Structure formats: C-alpha cells, structure tokens
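Listed below, chain by chain, are the residues.
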Amino acid sequence: GGSALEKNYFANDCLAYHNITSGVAAANIAAVNAENVYVTENYTFRLGHHEPLFGGGVCGFDLETNSPADHSKNIYVFNNLYDYEGSIPSAGSAVCLQDPYRGVNHGLVVAANNIAIGGREDTQHRYMSNGIFLNGLKGCRVFNNYVYRTGQNAIQSYAIDSCVIEDNDLESTGGGGNVSVWSHGALNTIFRRNNYRDRPGLGISTAAGFVEICGRNNVYESNLINGREVAGVDRQPCPAQ
C-alpha cells in the first residue's frame, strides 16, 4: 500500500508465497500500509547487493509503517527460511516488524515457525545482525522461531506492549557484549519458554541471557539456558536524560 498521508488505499488480503529472493539491497519482502497479509514459505538467501557490494538495513521481511495513518493489522509471517550464509556482513535482521506510530489502524502481528540462519562454520563473519527485530508493536505474538548465530541479539525489541514471546529456539546467538534477548521500554510482555543453547566447538563468542532496559510489568518464566531454567532477567533502569 502507498502512503496513507497521500490518501492512498491500504493494501488488503495479500499473499507472498513460495518466493525465492537473493542479492536484494533492501527489504526482500515488505508491507507498508497493509492489512491481512500472509508471508509464508518464502526462501531468502545471500542478502544485500553483491556486485558491487552495498545495502544496509536489510530485512528478509519488513513491516514498516511510515505514519500513524498507515495500516498494520493482521500481519502473519509463517514458515519462512532466511539464510544469511554468504551475505554482506551484518546485513540486517531476518524479520523486522516495525510500527512505532501506533495509529488507529494498528492490529495483530504474528511471526511463527520461521528459520533464521546467520552463517554456518565461518568463525570470522557475522552475516546476520538480529534474528527478529520488533519496534512499537502492541499485542504481537512471536513463537516457535529458530535463530542460529547473530552478530547482536536473537530477539531485539523497542517499546513493545502486551506481546507474547515464547517457545523460540535460540542457538549460539548474541556475543560481543550483546545478549540473546534484549528489550528497551517493553511493557506488559511475556517472555516464556525460550530456549537458548550453545553449539559445541563453534569457535565464536556468544551470550545467553535476557536484558531489559526501562521496562515495566514484564514476565519471564520457564526460559532455559543450555537446559537450565534462567533465574531471572537483568533489569536495568532508563538511561539518564
């Protein structure tokens, strides 16, 4: 859909299915001002433009509203494979779900059963920045996703409210001072049964754990690190203004 500020109609009843994308400099599939969107069983690999090398902020799928008037309701991202092996280093995040304006046309956003691979045996490059990037969503659902190897966080979120993030499998994510699950300004959100595990002998730095900055009323329960339940979360205060 085009910009709602220009009085365009929003896109409605959309399906992105069984597409293969590679070498795209920006978002491989994107929804801007849309409702009832299904993004399912797509294969995205070698993200970023390669000849010549360029492309920043790359997302395998990007929900990106640009104004409070844009629509972002009933967005479903299911069963996709995002393979960053051989991509531009730190090319971006596999799934980007962003609606910071929280307009009247905001609604349910779901990411489930996706696979995000940030590389394989390469011990030098961090091809994928984050597995799942969330910004401004209310009532979102993120579950049953598998994320392997990230330069930053497996799940990174800003200003989400009343979301449920559960049953995600996070393998050898984080590292370089970044934990696997990091949130800023989260409210009323549940982090439940997320399983972090290390791959033996991988040879890169990783970091398990949960860090919450400037959050309120969030629940962390039954999360695992290498088979042991996490005692809690590292809660940090809001940065000084």
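Quick look at the structure, then. The structure displayed is predicted, hence computed values, not measured ones.

### Regarding the state of the cysteines
Next, step 1: A full pass over the atoms with the stated rule returns 3 disulfides.
Next, step 2: Residue pairing for C59: its cysteine sulfur links by disulfide to C96, the two sulfurs lying 2.0 Å apart. Given an S-S torsion of about -80°, the disulfide between C59 and C96 has left-handed geometry. Highlighted residues: C59 in strand β8 (residues 58–64) and C96 in strand β11 (residues 92–98), separated in sequence by 37 residues.
Next, step 3: Assessed through its relative accessible area of 5%, C59 is described here as buried.
Next, step 4: Linked covalently through their sulfurs, C214 and C238 form a disulfide whose S-S length is 1.8 Å. Residues C214 and C238 are joined by a disulfide whose S-S torsion is about 75°; by sign, that bridge is right-handed.

### Let's talk about the packing of aromatic side chains
Next, step 1: Applying the stated criterion to the full structure yields 7 aromatic pairs.
Next, step 2: Taking the centre distance of 5.8 Å and the plane angle of 50° together, the rings of Y76 and F78 count as tilted.
Next, step 3: A ring pair is formed by F133 and Y158, whose centres lie 5.7 Å apart and whose planes are at 50°; its orientation type is tilted. Here Y158 lies in strand β17 (residues 155–158) and F133 lies in strand β14 (residues 130–135), a separation of 25 residues in the sequence.
Next, step 4: Through successive ring pairs, a cluster of aromatic residues spans Y38, Y76 and F78.
Next, step 5: Lying across the ring of Y148, R199 places its NZ or CZ 4.2 Å from the centre.

### A few points about the sheet that holds strand β5 (residues 43–45)
Next, step 1: One open sheet accounts for 9 strands, arranged β2-β5-β10-β13-β16-β19-β22-β25-β26; its pairing is mixed. At either end of the open sheet lies a strand with only one pairing partner, and these are β2 (20–22) and β26 (228–229).
Next, step 2: Bridging between strand β10 (residues 81–83) and strand β13 (residues 115–117) involves 3 bridges; their strand directions are parallel. Bridge pairing in β13 links D83 to I117.

### Points about the nonpolar core
Next, step 1: Residues F61, V77, Y84, V95, L97, L134 and L137 are the most contacted members of the largest nonpolar core, which totals 44 residues.
Next, step 2: Discounting chain neighbours no more than four positions away, the residues touching V95 are F61, V77, Y82, A111, G131, I132 and F133.
Next, step 3: Formed by 5 residues, the second largest nonpolar core is a distinct cluster that contains Y146, Y148, L202 and I204.

### Describing the side chain of S93
Next, step 1: In this structure, S93 sits in strand β11.
Next, step 2: Side-chain polar atoms of S93 contact the side chain of N130, separated by 3.3 Å.
Next, step 3: Here S93 is in contact with V58, C59, G60, Y84, N130, G131 and F133, once residues within four sequence places are set aside.

### Regarding the pattern of salt bridges
Next, step 1: By the definition in use, this model includes 10 salt bridges.
Next, step 2: Linking D83 and R120 is a salt bridge whose minimum nitrogen-to-oxygen distance equals 2.8 Å. With D83 in strand β10 and R120 in the loop between β13 and β14, this residue pair connects regions lying 37 residues apart in the sequence.
Next, step 3: The class of D83 is buried, set by a relative accessible area of 8%.
Next, step 4: Across the pair E85 and R120 runs a salt bridge, and its minimum N-O distance is 3.9 Å. Placement of the pair is E85 in the loop between β10 and β11 and R120 in the loop between β13 and β14, with a sequence separation of 35 residues.
Next, step 5: E85 gets classed as partly exposed once you look at its relative accessible area, which sits at 29%.
Next, step 6: Overlapping salt bridges, with partners in common, bring together E166, D167, R192, R193 and E221 in one network.

Rules used throughout
- Residues numbered from 1 in each chain as written.
- Predicted model: local features only at pLDDT ≥ 70, side-chain atom pairs only at ≥ 80, totals over all residues.
- Heavy atoms only, no water.
- Disulfide = S-S within 2.5 Å.
- Helix = DSSP H or I, 4+ residues; strand = E, 2+ residues; numbered from the N terminus.
- Buried < 20%, exposed > 50% of the residue type's maximum accessible area, 1.4 Å probe, protein only.
- Phe/Tyr/Trp six-rings, centres within 6.5 Å; stacked < 30°, edge-to-face > 60°.
- Lys NZ or Arg CZ within 6 Å of the ring centre and 35° of its normal.
- Pairing = 2+ DSSP bridges.
- Core = buried A, V, L, I, M, F, W, Y, C linked by side-chain atoms within 4.5 Å.
- Contact = heavy atoms within 4.5 Å.
- Polar contact = N/O pair within 3.5 Å; in protein donor to acceptor, adjacent residues only side chain to side chain.
- Salt bridge = Lys/Arg side-chain N within 4 Å of Asp/Glu carboxyl O.

Read these as geometric descriptors, not functional statements.
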